[in-house]
Amino acid sequence: MSGADEAYSAGVVGPNAVIQLSNALDDLCGHPLAEAVFAQGGYPDLIDNPPDSMISETVPAGLMDVLWTSLSPAEAEAVARDAGRRTADYVIANRIPHAAKWLLARVPRVIGARLLLKAVHRNAWTFCGSGVCTVKMVPALTLTLKSNPIRTPGCIWHVAVFEQLFGRLVSPEIQVIHAVHSTEGQTVDRFEFRIRCARPETEMA
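Residues numbered from 1 in each chain as written. Predicted model: local features only at pLDDT ≥ 70, side-chain atom pairs only at ≥ 80, totals over all residues. Heavy atoms only, no water.

By the bridge criterion, 6 bridges tie strand S5 (residues 141-146) to strand S7 (residues 186-195) in an arrangement that is antiparallel. Pairing of Leu 145 across the sheet is with Asp 189, part of S7. In the sheet, strand S6 (residues 174-183) pairs with S7 via 10 bridges, with the strands oriented antiparallel. Along S7, the bridge assignment pairs Val 176 with Phe 193. (Pairing = 2+ DSSP bridges. Helix = DSSP H or I, 4+ residues; strand = E, 2+ residues; numbered from the N terminus.)

Next comes the structure, spelled out in structure tokens:
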């Protein structure tokens, strides 16, 4: 994996960005509020008829905007975080081959994190949409999203997806640190994957 920029001009993302947001709202806030958020976002039918194929990135983006205007910041963050975790759990259960799970659980954590980050990059079209995804392995494991179409305050949804994926498949000691900066007039979200408690150096090589 070269880590070169890769853009997905179709502007579509996976349906779980919407399905798991609906589920999280239902469980944390109740069905009436979930219906209200989706109705205000302009997609009332998606509550009872969730999408089963790729959808326009504008759908989850709009729903996330409504989430932050309808709920308190703490409530919106809790829902977005829960939706992100649910999305990762779905991916683990339905999209990760058993052999890959077996391997990631047995290699040193740094190697496992690199392998998983490469896999995330290969499948970035499912969450990147029309944005640009880049990964780097040195000097730190990082993923950047330029013009991220599903931005939330602190990119809570993305952080939760990544922490759940890496936490369950590689190590619960992996932490995802988000930072934002601007380059060439475009917003860039940077996610750094850190191992909180290092094992002996022989494993980290």
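Still to come is the rest of the account.
Another point: the environment of Asp 26. Turning to its location among the elements, Asp 26 is positioned in helix H1 (residues 16-29). The partly exposed category is assigned to Asp 26, whose relative accessible area is 26%. Along the backbone, Asp 26 and Pro 44 are 18 residues apart, and their C-alpha atoms lie at a distance of 14 Å. (Buried < 20%, exposed > 50% of the residue type's maximum accessible area, 1.4 Å probe, protein only.)

Spanning 22 residues, helix H4 (residues 73-94) covers 31 Å between terminal C-alpha atoms, matching the ideal 32 Å at 1.5 Å per step. On its buried side, H4 packs onto H1, helix H3 (58-70), helix H5 (98-104) and helix H8 (156-169). (Expected span 1.5 Å × (residues − 1). Contact = heavy atoms within 4.5 Å.)

Attention now moves to helix H2 (residues 31-41). All of the buried residues along H2 are Ala 34, Val 37 and Phe 38. Along the long axis of H2, the arc covered by the buried residues comes to 90°, so they all point the same way. Among the exposed residues of H2, those oriented more than 90 degrees off its buried face are Pro 32 and Gln 40. Each element contacted by the buried residues of H2 is listed here: H1 and H3. Looking at the residues trailing H2, positive phi occurs at Gly 42, about 95°. (Arc of directions from axis to C-beta.)

Turning our eyes to something else, we now look at the side chain of Asp 189. Within the fold, Asp 189 resides in strand S7. A residue is classified by how much of its surface remains accessible, and Asp 189, at 0% relative accessible area, is buried. Here the side chain of Asp 189 touches Arg 151 through a polar contact of 2.8 Å, side chain to side chain. Reaching out from Asp 189, the side chain makes a polar contact with the side chain of His 178 at a distance of 2.8 Å. (Polar contact = N/O pair within 3.5 Å; in protein donor to acceptor, adjacent residues only side chain to side chain.)

Under the criterion given, the structure shown has 8 salt bridges. One salt bridge in this structure joins Arg 81 and Glu 77, with 3.1 Å as the shortest N-O distance. Remark: Glu 77 and Arg 81 occur in helix H4; sequence separation between them is 4 residues, near one turn of the helix. Taking the relative accessible area as the measure of exposure, Arg 81 reaches 22% and is therefore partly exposed. The partner of Asp 89 in a salt bridge is Arg 168, with the nearest N and O atoms 2.8 Å apart. One end of the pair, Asp 89, is in helix H4; the other, Arg 168, is in helix H8, with 79 residues separating them in the sequence. Each of Asp 27, Asp 82 and Arg 86 takes part in salt bridges that share partners, so that together they form one network. (Salt bridge = Lys/Arg side-chain N within 4 Å of Asp/Glu carboxyl O.)

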